[in-house]
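Listed here are the chains, written in short residue letters.
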Amino acid sequence: MTAQRIDGNALSQKLRAEVTSRTQVLKAKGITPGLAVILVGENPASQVYVRNKVKACQDSGLHSLLEKYAEDMTEKALLDRIESLNQDPSIHGILVQLPLPKHIDSQKVIEAISPHKDVDGFHIASAGALMTGMPGFWPCTPYGCMKMLENIGYDLKGKHAVVIGRSNIVGKPMAMMLLQKNATVTICHSATPDLKAMTLQADVIVAAVGKRNVLTADMVKPGAVVLDVGMNRNDEGKLCGDVDFDGVEKVASYITPVPGGVGPMTITMLLVNTLEAAERL
Ligand code: GUN
């Protein structure tokens, strides 16, 4: 069996076209969805990410505001800026790019964002809403994974989903979303003694560790669906995921490539969340 690839670029294009048309509807009512993106410091990867986020907003007709601050910005100054953005009616979503410089408490900064504008879905109110099935913003990367499963028409009810990784940004919210769709969910992590024994039972595997070759072909049940959230570089400096793609592709029924899989979906879901923040007003 050779797995079908789930094309994150194609699905993103479709979803972004929907964002654009829903944005036009809002604009006709005098509302332009607006996203504020805050970057503190000069982290090169973060600079690329924020640039891509702002460009995606522009391409879909959303208003965006990019604010860059020096590495030595004080925590107080950042908290004050967030508070003024919380009050700003032209801004519906606030995103503070992580990681922040060490002298700033990231959790405190995230909690300063109004849950109504928390389009990253990182606020504890958003995490609590996801856990309890209440309305709130879902973190963009796992939300994108769910959209990919929806797009291939995959019914999670009664299926066994194994999530590898337990981060607050991907692993834990991913598990909650799969659970909400009636999957039986196992979360594996660095202290799991026999990862292969777990993944071999899985109908769906989400790899979100940040390490190459965490999942190899011998660990995958034939016909499983494999979503690769990893973003790593191989020895030649080429972008690769957590999954040994060439091997796993021969066993799985569906697989997401890296690049061109989950990656583009993250920004797409940020646009969706920002649009919905504006629609909820
Ligand atoms: N840093 C890496 N990924 C993300 C993300 O999705 N949101 C924010 N705010 N920072 C990040």
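Look up a bit, the structure's there.
To start, this report covers the structure provided alongside it. (Residues numbered from 1 in each chain as written. Predicted model: local features only at pLDDT ≥ 70, side-chain atom pairs only at ≥ 80, totals over all residues. Heavy atoms only, no water.)

### Topic: the sheet that holds strand β2 (residues 34-40)
- The strand order β3-β2-β4 describes an open sheet built from 3 strands, whose pairing is parallel. Either end of the sheet is taken by a strand with one partner, and the two such strands are β3 (63-69) and β4 (93-96). Sheet twist, expressed as the mean angle between neighbouring strand axes with direction ignored, is 15 degrees.
- Bridging between β2 and β4 involves 4 bridges; their strand directions are parallel. Looking across to β4, one finds that Val-37 is bridged to Leu-95.
- In this fold helix α3 (residues 75-87) packs onto β2, β3 and β4, with an angle of close to 175 degrees to the strand it touches most, β2. (Pairing = 2+ DSSP bridges. Helix = DSSP H or I, 4+ residues; strand = E, 2+ residues; numbered from the N terminus. Axes fitted to C-alpha atoms, helices over the stretch in contact; angles between N-to-C directions. Contact = heavy atoms within 4.5 Å.)

### Observations concerning the side chain of Glu-276
- Turning to its location among the elements, Glu-276 is positioned in helix α10 (residues 262-279).
- With residues near it in sequence (within four places) discarded, Glu-276 still touches Arg-22 and Tyr-143.

### Examining the pattern of salt bridges
- The full count for this structure, using the stated rule, is 11 salt bridges.
- One salt bridge connects Glu-249 with Arg-5, and the closest N-O pair in it is separated by 3.1 Å. Linking Glu-249 in the loop between α9 (245-248) and β11 (254-255) with Arg-5 in strand β1 (residues 4-5), this pair joins segments that are 244 residues apart in sequence.
- According to the relative accessible area criterion, Glu-249 is buried, its value standing at 13%.
- Of the residues examined, Arg-5 reaches a relative accessible area of 52% and is grouped as exposed.
- The salt bridge partner of Glu-150 is Lys-147, with a shortest N-O separation of 3.7 Å. Taken together, the residues Glu-150 and Lys-147, both in helix α6 (residues 140-151) and 3 residues apart, mark about one turn of the helix.
- Each member of the salt-bridge network shares a partner with another, and the members are Arg-22, Glu-276 and Glu-279. (Salt bridge = Lys/Arg side-chain N within 4 Å of Asp/Glu carboxyl O. Buried < 20%, exposed > 50% of the residue type's maximum accessible area, 1.4 Å probe, protein only.)

### Examining empty space enclosed by the protein
- Summed over all chains, the structure comprises 1 cavity of 30 Å³ or more.
- Considered as a void within the structure, the largest cavity measures approximately 40 Å³ in volume.
- Taken together, Val-96, Val-109, Ile-110, Ile-113, Asp-118, Asp-120 and Phe-122 make up the full set of residues lining the largest cavity.
- Of the residues that constitute the lining of the largest cavity, the class distribution is 5 nonpolar, no polar and 2 charged. (1 Å grid on protein atoms, 1.4 Å probe; cavity = no way out; pocket = protein on both sides within 12 Å on 5 of 7 lines; lining within 4 Å. Points joined across faces, edges and corners; volume = space filled by probe spheres on them. Nonpolar A, V, L, I, M, F, W, Y, C, P; charged D, E, K, R; others polar.)

### Regarding the sheet that holds strand β7 (residues 204-207)
- An order of β1-β11-β8-β7-β5-β6 is seen for the 6 strands of this open sheet, with the pairing classed as parallel. Of all strands in the sheet, those with a lone pairing partner are β1 and β6 (184-188), marking the two edges.
- In the sheet, strand β5 (residues 160-164) pairs with β6 via 5 bridges, with the strands oriented parallel. From the neighbouring strand, Ala-161 faces β6, where its bridge partner is Val-185.
- Strand contacts of helix α7 (residues 171-180): β5, β6 and β7, with the helix running at about 170 degrees to β5, the strand carrying the most contacts.

None of the figures reported here should be taken as evidence of function without further support.
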